[in-house]
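For reference, the chains in residue letters:
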Amino acid sequence: MNTIFAIASLTYKEGLKHRVLFGVLVAALFLMTGALLISGFFMRDIVKVLIDFCLSVTNLGGLLVPFFLTIGMLTGDRDKRTIVTILSQNVSRTQYILGKYFGLSLLTATIMCILAMATYFTLLGGSLLYGEYYFKSLSLYSVATSIVLSYVGISILNGVVFLWCTLTTTSFLATLLTIATYIIGHSIDDVVRFVESPPPGVTVATSIVKAVQIFQYVFPNLAAFDHKLTAAHGLAIPLIDSALLCGYGVSYIAFSLALSVIIFSKRDLC
Amino acid sequence: MADKIIKFKNVKKTYSAELKRKKTALTSLSLEVEKGEVFGIIGPNGAGKSTTLKILLGLVLHDSGEVSLNNHDPATPASHQHIGYLPESPCLYPNLSLIDHLKFAGKVARYPKKLINTRIDELLHLVNMTQAAKTAIGKYSKGMTQRAALAYALFHKPEIAILDEPMSGMDPIGRKLIIDIILEYNRMGNTVLFCSHILTDVQRICNRIGVMHKGRLATTLNSSQLSSELELEDIFLSTATK
């Protein structure tokens, strides 16, 4: 376990020093400030617009990690051979994968915590600027739950990125597969609903229905972790739903990482 | 009879690249390194030297044959606690400092915190890097990076040092420093496996020299048997042109 923590800590430090991270974080904070002004155009829905905007930016900040840092760091380790630095020590390939994953998850958590704080201050600024009357429906609990669930969704995507990075040999292919996973993960629910009960006059072949149903179980259902609208409307997210989603997320991450470890342990690395 | 700390027996390795022809790196490598010796591997490009080292590090898995490193399978991390590896182009994390790397090596080797700091001071002094210890590795010159990587490789006091072109791109002062460290390390009873194209360095440092060609060990020589530097060069050239 010590070794995994050591790798996680090294990965976290390395991730924190990426310039791209600072640039985008500053841009995200700037956007949130901009949201305060933009929301003024929607007087009756100020709080909804503000929450939706801030949660979208928080989610986007978190997504930086799987799309840029995870792919960049994993394929970079292989291409620049920095992986040798770690594996030439008393480190197994399993410990490498788990350490990297935990380091990057910690990095995601840090980014999302900073953006969550910015969300809180933006909402506070909004209530001072426009008056508390417009913020009556605000539920900080729902906003916080939405951010936590969003983090779990991004962690799942991070796990899948590990799988793609161990399976492919180029960062380009890993990025393409990650984009595909993200799109499928966010639309599979709607597609399943459509093929299972198509509108009148539309027929869907049984083979397509079966294929889509299989996809539903193979790819992660990322849309289930998107509760921005619920939080924007001040509705509660039941604790049991959150717990079930977290359970699903942890199982999917464990499955992705286990597959990654199996593939990675059979590969020539240099 | 001295203990054999590194053993290769009829080891074969073929790389299979997608859509490309398979490339055989090792045809049938048999090699033994005794405990406490400095064994040099020389050979032309593509002879299989790097693949041999990568197999020892567990980075590449061999297809057939037997490999043992201090009686361990090199693919298991347990074998890595006995080795320190210095690659030809050190690949440390450019955004992190040497201190960060050494702390990591200490944690992985499960040293207590106090001992990690003591060992860091020792190594920084040894490789003459005390001044630049907190600077990001990316700002180092080639020679400094090589010395930093040597400190990282020797952190856990390994019994076997695997050095791939350790002096490449270094100035004479840096080369002397590295040679002195290698010789001192060997005097302490440790084993060194040394790969280089610089025949004078190989002849100066190594007790035995293996000449590799076309994925196998073509010949093994004792340094003491060689009368001059030219003799090693002649043997190398005649093996490589066979």
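Located above this text is the structure these notes cover.
Residues numbered from 1 in each chain as written. Chains lettered and ligands numbered in written order. Predicted model: local features only at pLDDT ≥ 70, side-chain atom pairs only at ≥ 80, totals over all residues. Heavy atoms only, no water.

Overview of the interface of chain A and chain B
Size of an interface: often given as the accessible area lost when the parts come together. In this assembly, 30 residues from chain A lie in contact with 29 residues from chain B. With both chains or domains summed, chain A and chain B bury close to 2,900 Å², and 56% of this area falls on carbon and sulfur atoms. In this assembly, chain A and chain B are joined by 3 salt bridges. When the shortest N-O distance is used, the salt bridge between aspartate 100 of chain B and lysine 13 of chain A registers 3.3 Å. In this assembly, chain A and chain B are joined by 11 residue pairs in polar contact (both at pLDDT 80 or more). The greatest single-element share of the side of chain A that touches chain B, amounting to 7 residues, is contributed by helix 1 (residues 2-16) of chain A. Its residues placed into classes, the side of chain A that touches chain B shows 9 nonpolar, 10 polar and 11 charged. (Contact = heavy atoms within 4.5 Å. Buried area = accessible area lost by both parts, 1.4 Å probe. Salt bridge = Lys/Arg side-chain N within 4 Å of Asp/Glu carboxyl O. Polar contact = N/O pair within 3.5 Å; in protein donor to acceptor, adjacent residues only side chain to side chain. Helix = DSSP H or I, 4+ residues; strand = E, 2+ residues; numbered from the N terminus. Nonpolar A, V, L, I, M, F, W, Y, C, P; charged D, E, K, R; others polar.)

A short note on the nonpolar core
Of all hydrophobic cores here, the largest spans 145 residues; its most connected members are Tyr96 of chain A together with Ile6, Phe8, Leu102, Leu193 and Phe194 of chain B. Tallying contributions element by element places helix 3 (residues 46-79) of chain A first for this core, with 15 residues. Beyond its immediate stretch of four places on either side in the chain, isoleucine 6 of chain B contacts Leu31, Glu32, Val33, Leu56, Ser68, Leu69, Ile160 and Leu193 of chain B. Within the second largest apolar cluster, 5 residues are counted, among which are Ile188, Val192, Val195 and Val209 of chain A. (Core = buried A, V, L, I, M, F, W, Y, C linked by side-chain atoms within 4.5 Å. Buried < 20%, exposed > 50% of the residue type's maximum accessible area, 1.4 Å probe, protein only.)

Observations regarding unusual backbone geometry
Backbone geometry follows two general trends: most residues other than glycine have a negative phi, and most peptide bonds adopt the trans configuration. Residues and elements named next belong to chain B. Residues other than glycine seldom take positive phi values, yet asparagine 10 does so here, at roughly 50°. By the element assignment, asparagine 10 lies in strand 1 (residues 4-15). Relative accessible area serves as the criterion here: at 40%, asparagine 10 is assigned to the partly exposed category. The phi torsion at lysine 157 lies on the positive side, around 50°, for a residue other than glycine. Looking at where lysine 157 falls in the secondary structure, it is placed in the loop between helix 4 (142-153) and strand 6 (160-164).

A short note on the pairing of strand 9 (residues 216-222) of chain B
All names here are of chain B. Note: strand 8 (residues 208-213) against strand 9, 6 bridges, orientation antiparallel. If you follow arginine 208 over to strand 9, its bridge partner there is asparagine 222. Remark: 2 residues form the turn of the hairpin made by strand 8 and strand 9, two consecutive strands paired antiparallel; lysine 214 in that turn has positive phi of roughly 50°. (Pairing = 2+ DSSP bridges.)

Regarding the sheet that holds strand 3 (residues 38-42) of chain B
All names here are of chain B. With mixed pairing, the 6 strands of this open sheet are ordered in space as 5-6-7-3-8-9. This sheet does not close on itself; its edge strands, each paired only once, are strand 5 (83-86) and strand 9. The mean inter-strand angle of the sheet, taken between neighbouring strand axes irrespective of direction, is 15°. Summarising the sheet, strand 5 and strand 6 pair through 4 bridges and their orientation is parallel. Bridging across to strand 6, tyrosine 85 finds its partner in isoleucine 162. Strands in contact with helix 4 are strand 5 and strand 6; relative to strand 5, the strand with the most contacts, it is inclined by about 170°. (Axes fitted to C-alpha atoms, helices over the stretch in contact; angles between N-to-C directions.)

Here we look at the pairing of strand 1 of chain B
All names here are of chain B. Bridging between strand 1 and strand 2 (residues 23-34) involves 8 bridges; their strand directions are antiparallel. In the strand pairing of strand 2, lysine 7 is matched with glutamate 32. Direction of pairing for strand 1 relative to strand 4 (residues 64-69): antiparallel, over a ladder of 5 bridges. Looking at strand 4, one finds that isoleucine 6 is bridged to leucine 69.

Some words on the pattern of salt bridges
In total, this model carries 14 salt bridges over all chains according to the counting rule given. The residue glutamate 37 of chain B makes a salt bridge to arginine 208 of chain B at a minimum N-O spacing of 2.8 Å. With glutamate 37 of chain B in the loop between strand 2 and strand 3 and arginine 208 of chain B in strand 8, the pair connects residues that are 171 residues apart, well separated along the chain. Of the two residues, glutamate 37 of chain B and arginine 208 of chain B, neither departs from the other in class, the shared state being buried. Because the salt bridges share partners, they merge into one network encompassing Lys13 and Lys17 of chain A together with Asp100 of chain B.

Thoughts on the side chain of arginine 93 of chain A
Here arginine 93 of chain A lies in helix 5 (residues 93-130). Buried and unpaired, arginine 93 of chain A has aspartate 268 of chain A as its nearest opposite-charge partner, separated by 5.8 Å. Of the polar contacts made by the side chain of arginine 93 of chain A, one reaches the backbone oxygen of leucine 59 of chain B; its length is 3.2 Å. Non-local contacts of arginine 93 of chain A, meaning those with residues more than four positions away in its chain, are made with Leu87, Phe264, Ser265, Lys266, Arg267 and Leu269 of chain A together with Gly58, Leu59, Val60 and Leu61 of chain B. (Lys, Arg positive; Asp, Glu negative; His and termini not counted.)

Focus on the packing of helix 2 (residues 19-38) of chain A against helix 5 of chain A
Residues and elements named next belong to chain A. One way to put it is that helix 2 packs onto helix 5 with a least axis distance of 9 Å and a crossing angle of 20°. Regarding the angle of helix 2 to helix 5, the classification is roughly parallel. Here helix 2 runs over helix 5; the crossing is right-handed. The segment helix 2 lies against helix 5, with Leu21, Leu25, Ala28, Leu29, Met32, Leu36 and Leu37 engaging Leu107, Ile111, Leu115, Ala118, Thr119, Thr122, Gly125, Gly126, Leu129 and Tyr130. Classifying every residue of the contact of helix 2 with helix 5 by side-chain character gives 13 nonpolar, 4 polar and no charged. (Parallel < 35°, antiparallel > 145°, perpendicular 65-115°, else oblique. Left-handed = near helix turned anticlockwise from the far one by under 90°.)

Section: the environment of leucine 104 of chain A
All names here are of chain A. In this fold, leucine 104 is placed in helix 5. Since its relative accessible area comes to 0%, leucine 104 is described here as buried. Remark: the alpha-carbon pair of leucine 104 and leucine 31, spanning 73 residues in sequence, is separated by 24 Å. Not counting residues up to four positions away in its chain, the partners in contact with leucine 104 are Thr11, Val65, Leu69, Thr70, Met73, Asn158 and Phe162.

So, the packing of aromatic side chains
Residue and element names in this part refer to chain A. The tally for this structure, following the rule as stated, stands at 9 aromatic pairs over all chains. Seen from their ring centres, phenylalanine 67 and tyrosine 182 are 5.7 Å apart, and the 80° between their planes marks the pair as edge-to-face. Highlighted residues: phenylalanine 67 in helix 3 and tyrosine 182 in helix 7 (residues 171-196), separated in sequence by 115 residues. For tyrosine 182, a relative accessible area of 24% puts it in the partly exposed group. Their ring planes at 45° and their centres at 5.2 Å tell us that phenylalanine 215 and phenylalanine 219 sit as a pair that is tilted. For phenylalanine 215, a relative accessible area of 38% translates into the label partly exposed. Each residue in the set Tyr101, Phe102 and Phe162 is aromatic and connected to the rest through ring pairs, giving one cluster. Above the face of the phenylalanine 264 ring, arginine 93 is positioned so that its terminal group lies 5.9 Å from the ring centre. (Phe/Tyr/Trp six-rings, centres within 6.5 Å; stacked < 30°, edge-to-face > 60°. Lys NZ or Arg CZ within 6 Å of the ring centre and 35° of its normal.)

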